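A closer look at the structure
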Amino acid sequence: MTAADQRIEHRQNQFHTWGVYGLLGASTLLSVAAHELMTSPAEWYAGGALVVAAVLLQLWHGPRRGRRTPSRRGTVYYVLRWAIAFALTWLNPFFGFYASTGYFDSDELIPGKRRQWLGLLATVVVVAGSQSGGMPFRSPIQWLLFAVLLVANYGLLTVVGHITQQEEQRSRERAVTITELEGANAALQRALDENAALHAQLLVQAREAGVADERRRLAAEIHDTIAQGLTGIIAQLQVVANAPDLAVARTHLERASDLARHSLGEARRSVHNLAPVALADAGLPEALKRTVAEWGERAGVPAEFTVTGTAEQLHEELAATLLRIVQEALSNTARHAAAGRVGVTLSFLGDEVILDIRDDGRGFDPLAVPARTSTGGFGLDGMRARAERIAGSLTVESEPGQGTAVSARVPLVRHD
């Protein structure tokens, strides 16, 4: 119960407790003032006795503390009060004010709707009798006035009672609605709490997934830069170890030195999460052309690069991914294919870019590729993961003795 409801309840208790005394006192004072209406001492003694009886009855009934429940005791109190009010009004019509107290608490004292309305009708009879000049009636006009007042009072009482019932019904409906809203608010709060907990859990999972993805990215960057560069350096040094003369050894040492400087630059840029060295000063077509040419020179395999369509400046991440795929594919070709010829084609097809790497090497069965080991590279899985990271796809076509074709298809995203 709110503070406003408590204040209203307190005022209602005061009215039902002290209102009867107030109306009885006002009726008594008015009756004394209109002393000519009580002509004999017996009437004065009877009136005084009835007033005392009314006070004692009210003391027996006690103060009101919250809304009462209709009961037999309440019905007895209501009937006795009505009888006293009827007798007092018979002596002096000004006691009709005291009789009107029956309007206020019949629903709290008398059980049953029909009995409540019967009690109200009895109260209306007394009040209408006092309003028509007091009982007993001494002329037909007074009887007619009594009948009119009786109908008017009872009709007015019926209208007020109907309005009161509607208001109580609305109050009960509001109470039910408030209860339902409180339940809905509690359910909503629980849902918000659960959503907050789920959001926190998703943040933790997203953070863990981001850490794992970043680890894979860094591993791939190291593999595509430092690991491949060191592999090339080792290959050049092995040639130097078996070189027949100093000129050949010096040539391969220079290549090893160039690879070392290139790998160092890649390592620095990987640490700073920048684009590959080959893309620092050139677009993707120029970087691929240089990469293919240098690989062919190192591997001693004829390698050709071709661009089809209208070349466009690609987004840095897209260009870096395609370059890494070519580097990995060429590295795999050098290690496994024993190819006599390699071709790389970059095709711009409107809303997508296709990168094809083909060789005429020994080929393999794509379904029988062994799992990656701790000493191996990222291979096909790494290339496929790179393509899928930028919403692309990678396909491999190969047969033993028939060469290999790797094709990466990605959406065309232009440079900002």
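Calculation rules
- Residues numbered from 1 in each chain as written.
- Predicted model: local features only at pLDDT ≥ 70, side-chain atom pairs only at ≥ 80, totals over all residues.
- Heavy atoms only, no water.
- Helix = DSSP H or I, 4+ residues; strand = E, 2+ residues; numbered from the N terminus.
- Buried < 20%, exposed > 50% of the residue type's maximum accessible area, 1.4 Å probe, protein only.
- Contact = heavy atoms within 4.5 Å.
- Areas by Shrake-Rupley, 256 points an atom, 1.4 Å probe, with all protein chains shown as cover.
- Expected span 1.5 Å × (residues − 1).
- Arc of directions from axis to C-beta.
- Core = buried A, V, L, I, M, F, W, Y, C linked by side-chain atoms within 4.5 Å.
- Salt bridge = Lys/Arg side-chain N within 4 Å of Asp/Glu carboxyl O.
- Pairing = 2+ DSSP bridges.
- Axes fitted to C-alpha atoms, helices over the stretch in contact; angles between N-to-C directions.
- Polar contact = N/O pair within 3.5 Å; in protein donor to acceptor, adjacent residues only side chain to side chain.

With that settled, consider the overall build of the protein. Secondary structure summary: the protein contains eleven helices and five strands in total. Of all 416 residues assigned to the protein, the portion counted as buried reaches 36%. Long-range contacts, defined as pairs at least 24 residues apart, comprise 68% of the intrachain contacts of the protein with a sequence gap of at least 6. With an accessible surface of roughly 24500 Å², the protein has 61% of that area assigned to carbon and sulfur atoms.

Attention now moves to the side chain of T101. Along the polypeptide, T101 turns up in the loop between α4 (96–99) and α5 (106–109). Given the relative accessible area of 3%, T101 is considered buried. Setting aside residues no more than four positions away along its own chain, T101 makes contact with V20, L23 and R81.

Cis geometry is adopted by the peptide bond preceding P136, which originates at M135 and carries an omega value of 5 degrees. In this fold, P136 is placed in the loop between α6 (113–131) and α7 (140–241). For A338, which is not glycine, the phi dihedral falls at a positive 50 degrees. Mapped onto the elements, A338 comes out in the loop between α10 (316–337) and β2 (342–348). Of the residues examined, A338 reaches a relative accessible area of 58% and is grouped as exposed. Even without a glycine there, the phi angle at A391 is positive, about 65 degrees. Take A391: it is sitting in the loop between α11 (379–389) and β4 (393–398). Residue A391 is classed as exposed on the basis of its relative accessible area, which comes to 63%.

Here the focus is helix α3 (residues 72–91). With 20 residues, α3 should cover 28 Å at 1.5 Å per step; its first-to-last C-alpha distance of 29 Å lies within 8% of that length. Inspection of α3 places G74, Y77, Y78, R81, I84, A85, L88, T89 and L91 among the buried residues, and these make up the whole buried set. Mapping the buried residues of α3 onto a view down its axis gives an arc of 145 degrees, with all of them on the same face.

In this section: the nonpolar core. One finds L284, L314, V344, L346, L355 and I357 to be the most contacted residues of the largest nonpolar core, which totals 37 residues. For this core, the elements supplying multiple residues, two or more each, are α9 (284–299), α10, β2, β3 (352–359), α11, β4 and β5 (404–411). Of the residues forming this core, the biggest block, ten residues, is contributed by α10. Setting aside residues no more than four positions away along its own chain, L346 makes contact with L284, P285, L288, F305, T306, V307, T308, L322, V353, I354 and L355. If you look at the next biggest cluster of nonpolar residues, it comprises 20 residues, including A54, L57, L120 and V127.

Here the structure, examined in full by the defined rule, presents seven salt bridges. The shortest N-O distance in the salt bridge between R170 and E167 comes to 2.9 Å. Note that R170 and E167 are positioned in helix α7 at a spacing of three residues, about one turn of the helix. R341 is the salt-bridge partner of E304, the closest N and O atoms lying 3.8 Å from each other. Of the two residues, E304 sits in strand β1 (residues 303–308) while R341 sits in the loop between α10 and β2, which places them 37 residues apart along the sequence. Taking the relative accessible area as the measure of exposure, E304 reaches 44% and is therefore partly exposed. By sharing partners, the salt bridges in this structure join E167, R170 and R174 into a single network.

What follows covers the sheet that holds β4. An order of β1-β2-β3-β5-β4 is seen for the five strands of this open sheet, with the pairing classed as mixed. On the outer flanks of this sheet lie β1 and β4, each paired with one strand and no other. Looking at each pair of strands side by side, their axes are set apart by 10 degrees on average, direction ignored. Note: β3 against β5, eight bridges, orientation antiparallel. When the bridges of β5 are listed, D356 appears paired with S407. Most of the contacts of α10 go to β3, to which it runs at about 10 degrees, and overall it touches β2, β3, β4 and β5.

Once that is clear, we can look at the side chain of S331. Within the secondary structure, S331 sits in helix α10. Note on S331: relative accessible area 13%, which makes it buried. Side-chain polar atoms of S331 contact the side chain of R335, separated by 2.5 Å.

Take it as geometry only, folks, not as evidence of what the structure does.
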